[in-house]
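Breakdown of the fold
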Amino acid sequence: MTKRFAAIDIGSNTFRMLIGETAATNHHTPWRTVYYTHRIIRLGEGLHHSGRLADAAMSRAMTAFAEFAEILSQHQVSAENTLAVATAAMREAANGVAFRDRVQTETGIAIRIIDGDSEARMSLSGAGAVLKPATRADMLLFDIGGGSTEFIRANNHHCRDAISTKMGVVRLVEAHLNSDPPSASDYQAMLAAANLHLADVEAHWGIVAPPRHLVGTAGTVTTLAATELDLCPYNADTINNHWMSLAAFESLRERLLSMDHTERQVIRTIEPGRADLIIAGLAIVETVLTRWGYAGMYVVDAGLLEGAWLEISHS
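Residues numbered from 1 in each chain as written. Predicted model: local features only at pLDDT ≥ 70, side-chain atom pairs only at ≥ 80, totals over all residues. Heavy atoms only, no water.

Thoughts on the overall build of the chain
What the chain contains, in helices and strands, is 14 helices and 11 strands. Its C-alpha radius of gyration of 18 Å places the chain within 12% of the 20 Å reference for a compact globule of 315 residues. If one aligns the C-alpha atoms of the chain with their principal axes, the spans along those axes are about 50 × 45 × 40 Å. The 315 residues of the chain split such that 56% are buried. Across the chain, contacts joining residues at least 24 apart in sequence account for 71% of those joining residues at least 6 apart. Of the roughly 12800 Å² that the chain leaves accessible, carbon and sulfur atoms contribute 51%. (Helix = DSSP H or I, 4+ residues; strand = E, 2+ residues; numbered from the N terminus. Rg over C-alpha atoms; globule rule 2.2 N^0.38 Å. Buried < 20%, exposed > 50% of the residue type's maximum accessible area, 1.4 Å probe, protein only. Contact = heavy atoms within 4.5 Å. Areas by Shrake-Rupley, 256 points an atom, 1.4 Å probe, with all protein chains shown as cover.)

This is the structure we're talking about:
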């Protein structure tokens with residue numbers, strides 16, 4: 001049997017797992033997917049207020065990890081060929097390391113808690129594997145998570161610099177979403193909060209022009225793209241390199257902001273658990289597009305998960 005490798009992306013909102021084999025050179029991605037699954041867990045729920053992973057969130061996570069461990073066993077993926085990476089929630093929580101150790105003891109899954117730079121590097125590696133050469137020649141890749149958003153300036157596969165901000169959809173929802181449907185003041189508060197983080201990004205860059213192309217990855221932007229396209233069932237190949245214009249984004253924003261939680265959740269391209277978070281996602285995307293004058297963004301499904309897979313498969 002061809003050697004199989006697995007990657008697990010343990011995000012503040014979503015857990016994702018990819019089992020794959022190295023693909024033939026003419027394949028559209030470096031991996032051939034054997035199995036893929038994900039779960040919306042909200043591991044970072046309440047972390048913004050308490051500084052700790054909540055018991056309920058850890059319980060949901062343990063259920064997912066037990067399922068993942070069983071799937072890895074069924075597909076005969078060894079522990080040494082598996083890379084599980086944890087991001088903002090686990091690295092910031094006071095009990096994050098203790099929870100990491102508990103997961104390994106109870107499920108056998110060894111988790112690497114990665115810093116923002118490593119997260120950005122892996123996201124760039126994964127996204128770059130599927131982006132068109134013209135796009136990745138000069139791009140700003142942003143990766144929206146539940147607890148953080150990474151901004152990576154890159155030329156081709158070379159990372160010029162990366163910055164991780166504590167701007168995530170779970171954080172923004174918990175801090176500012178108080179009405180259903182979202183009130184104008186709620187949404188404006190999210191925009192203002194996002195702008196403060198982007199000011200920090202600009203300070204990190206210095207006096208320079210933003211890269212030519214904007215590329216978004218992770219669940220927020222892929223959900224927006226799938227909703228724009230009414231893409232059901234979801235197809236990663238259709239999402240990769242999809243262009244969402246500013247006008248298309250604004251139309252989608254107005255549609256979603258006019259709905260209440262129940263109405264958004266009925267949309268078949270919005271998974272259970274994302275109906276509130278998508279509002280914070282809109283605010284982050286809008287701020288990035290308008291502050292830096294982009295006419296739209298390219299969307300990629302591939303990111304941190306695929307970057308982790310590439311790392312373990314080449315180690």
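Details of the packing of aromatic side chains
All chains considered together, the criterion is met by 8 aromatic pairs. With a centroid separation of 6.4 Å and an interplanar angle of 50°, the aromatic rings of Phe65 and Phe99 are classed as tilted. Within this pair, whereas Phe65 is found in helix α2 (residues 55-74), its partner Phe99 is found in helix α4 (residues 96-107), the two being separated by 34 residues in sequence. Take Phe65 and Phe99: they sit in the same class, and that class is buried. Through a chain of ring-to-ring contacts, three or more aromatic side chains come together here, namely Phe142, Phe151, Trp205 and Trp292. (Phe/Tyr/Trp six-rings, centres within 6.5 Å; stacked < 30°, edge-to-face > 60°.)

Let's talk about the sheet that holds strand β4 (residues 82-86)
The strand order β3-β2-β1-β4-β5 describes an open sheet built from 5 strands, whose pairing is mixed. Every other strand in the sheet has two partners, leaving β3 (31-40) and β5 (111-113) as the edge strands with one partner each. Sheet twist, expressed as the mean angle between neighbouring strand axes with direction ignored, is 20°. Taken together, the 5 bridges between strand β1 (residues 4-10) and β4 define a ladder with parallel strand orientation. The residue of β4 that forms the bridge with Ala6 is Thr82. Taken strand by strand, α2 contacts β1, β2 (14-22), β3, β4 and β5, and its axis lies near 10° from that of β2. (Pairing = 2+ DSSP bridges. Axes fitted to C-alpha atoms, helices over the stretch in contact; angles between N-to-C directions.)

Side note on the environment of His157
Within the element layout of this structure, His157 appears in the loop between β7 (149-155) and β8 (158-165). Sequence separation between His157 and Pro133 is 24 residues, and the spatial gap between their C-alpha atoms is 9.6 Å. Contact partners of His157, with chain neighbours within four places excluded, come to Leu124, Gly128, Ala129 and Arg136.

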